[in-house]
Amino acid sequence: MHPTRRWLSGRQIAFLLASFLLGPSTSTAVDLYTVTLMNNMSFVSGINSSGVVSGNVILGGFSVEAAYWNGTAAVPVGTLGGGFSQAFAVGDSGTVVGESLNTAGENQAFVWDGLTMVELPTLGGNFGIARGINDADVVVGLATLPGITNYGHAVRWVDGEVFDLGTLGGTVSEAWDINDSGQIVGWARTPTISSRAA
C-alpha cells in the first residue's frame, strides 16, 4: 500500500456545515448554522464556493467510488477502469480531482469534467494522486518518477500537462492545494529526511 493512501475504517457519516456565525461581543456561540447529513457519502474532502462537495460513496461491500454532492444526493463519477476511486477536491467549475485505479491496477491521478474521467500523466512512474484544484482548473498533487514506486514529487497539471515541482533536497514531496493566485502548499523531505511544510 502506498504511504499516502488512506482506507476507510467503518461507515462514516459525512456532513456539511453550511455556515457558522458567532454572536456579537458575547462569549456564547449563537447556533445559526445548518447541518446537512449526506447519508450516502462515506467521506468528504472538499467544497467549492457553490457548495458542491467532493468525496466518496460506498457502493456495496467495500467498493469505494469518487463522488460529488449536488445538494440532494451523492453522484458517483466512476473510475479509470479499476475497482476504486476517491475524490479530494472540486473546483468552482464543478471539476472533480482525485485518485483511481486504472485497468492495469495502477493508482493514478484523475480529473473529471462533468462528463468524462481522464487519467493525468505521471513523471514517468506508475502512481499519481490529484489533491487540489483552483478556479483556473490547475491541478496539483503527487506523481512518481520512472522506476520508483514508493515515493514521488509534487506536481502541477495544466491542461493535462504535468510539471515537476521538485523537493527541498530530499527524495519526496507532495502538493496538497493551490489557490486562485497559483500559490501551492504541500510538504517535502529535506536531505536529512525530515519532512517540512512547503
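Now for a description of the structure that goes with this document. All values derive from a computational prediction rather than experimental measurement.

### Structural notes on the packing of aromatic side chains
Here comes step 1: According to the stated counting rule, one finds one aromatic pair in the structure shown.
Here comes step 2: If you follow Arg131 out to its NZ or CZ, it ends over the ring of Trp176, 4.0 Å from the centre.
Here comes step 3: We note Arg156 situated over the ring of Phe163; from NZ or CZ to the ring centre the distance is 5.1 Å.

### Some thoughts on the sheet that holds strand β5 (residues 64-69)
Here comes step 1: In space, the four strands of this open sheet follow the order β3-β4-β5-β6, with antiparallel pairing throughout. Either end of the sheet is taken by a strand with one partner, and the two such strands are β3 (43-47) and β6 (74-78). The sheet shows a mean angle of 35° between the axes of neighbouring strands, taken without regard to direction.

### Quick word on a negative patch on the surface
Here comes step 1: A surface patch of like charges, here negative, comprises Asp92, Asp135, Asp137, Asp159, Glu161 and Asp180.
Here comes step 2: Relative to the helices and strands, Asp180 is located in the loop between β15 (173-178) and β16 (184-189).

### Quick look at the sheet that holds strand β7 (residues 81-90)
Here comes step 1: If you walk across this open sheet you meet the four strands as β7-β8-β9-β10, and the pairing is antiparallel. Looking along the sheet, the strands with just one partner apiece sit at the ends: β7 and β10 (117-119). Between one strand and the next, the sheet's axes are offset by a mean angle of 35°, whatever the strand orientation.

### Comments concerning the environment of Arg189
Here comes step 1: Within the secondary structure, Arg189 is located in strand β16.
Here comes step 2: A residue is classified by how much of its surface remains accessible, and Arg189, at 32% relative accessible area, is partly exposed.
Here comes step 3: Put simply, Arg189 and Thr167 are 22 residues apart on the chain and 6.8 Å apart in space, counted from C-alpha to C-alpha.
Here comes step 4: What Arg189 contacts, discounting residues up to four positions off in sequence, is Thr167, Leu168, Gly169, Gly170, Val172, Ser194 and Ser195.

### A short note on the environment of Glu174
Here comes step 1: Looking at the element boundaries, Glu174 is found in strand β15.
Here comes step 2: Separated by eleven residues in the primary sequence, Glu174 and Val185 place their C-alpha atoms 8.6 Å from one another.
Here comes step 3: Polar side-chain contacts of Glu174 include one of 2.8 Å to the side chain of Arg131.

### Overview of the nonpolar core
Here comes step 1: With 14 residues, the main nonpolar core has Val97, Leu120, Leu123, Ala130, Val139, Val155 and Trp157 as its most contacted residues.
Here comes step 2: Contributing elements (two or more residues each) for this core: β9 (107-112), β11 (128-133), β12 (139-144) and β13 (152-158).
Here comes step 3: Residues within four places of Leu123 in sequence aside, it is in contact with Ala143, Thr144, Leu145, Pro146, His153, Val155, Val162 and Asp164.

Here is what the cut-offs are and how they apply
- Residues numbered from 1 in each chain as written.
- Predicted model: local features only at pLDDT ≥ 70, side-chain atom pairs only at ≥ 80, totals over all residues.
- Heavy atoms only, no water.
- Phe/Tyr/Trp six-rings, centres within 6.5 Å; stacked < 30°, edge-to-face > 60°.
- Lys NZ or Arg CZ within 6 Å of the ring centre and 35° of its normal.
- Pairing = 2+ DSSP bridges.
- Helix = DSSP H or I, 4+ residues; strand = E, 2+ residues; numbered from the N terminus.
- Axes fitted to C-alpha atoms, helices over the stretch in contact; angles between N-to-C directions.
- Patch = residues over 30% accessible without salt bridge, like charges linked within 9 Å, V, L, I, M, F, W, Y side chains within 5 Å.
- Areas by Shrake-Rupley, 256 points an atom, 1.4 Å probe, with all protein chains shown as cover.
- Salt bridge = Lys/Arg side-chain N within 4 Å of Asp/Glu carboxyl O.
- Lys, Arg positive; Asp, Glu negative; His and termini not counted.
- Charge placed at Lys NZ, Arg CZ, Asp CG, Glu CD.
- Buried < 20%, exposed > 50% of the residue type's maximum accessible area, 1.4 Å probe, protein only.
- Contact = heavy atoms within 4.5 Å.
- Polar contact = N/O pair within 3.5 Å; in protein donor to acceptor, adjacent residues only side chain to side chain.
- Core = buried A, V, L, I, M, F, W, Y, C linked by side-chain atoms within 4.5 Å.

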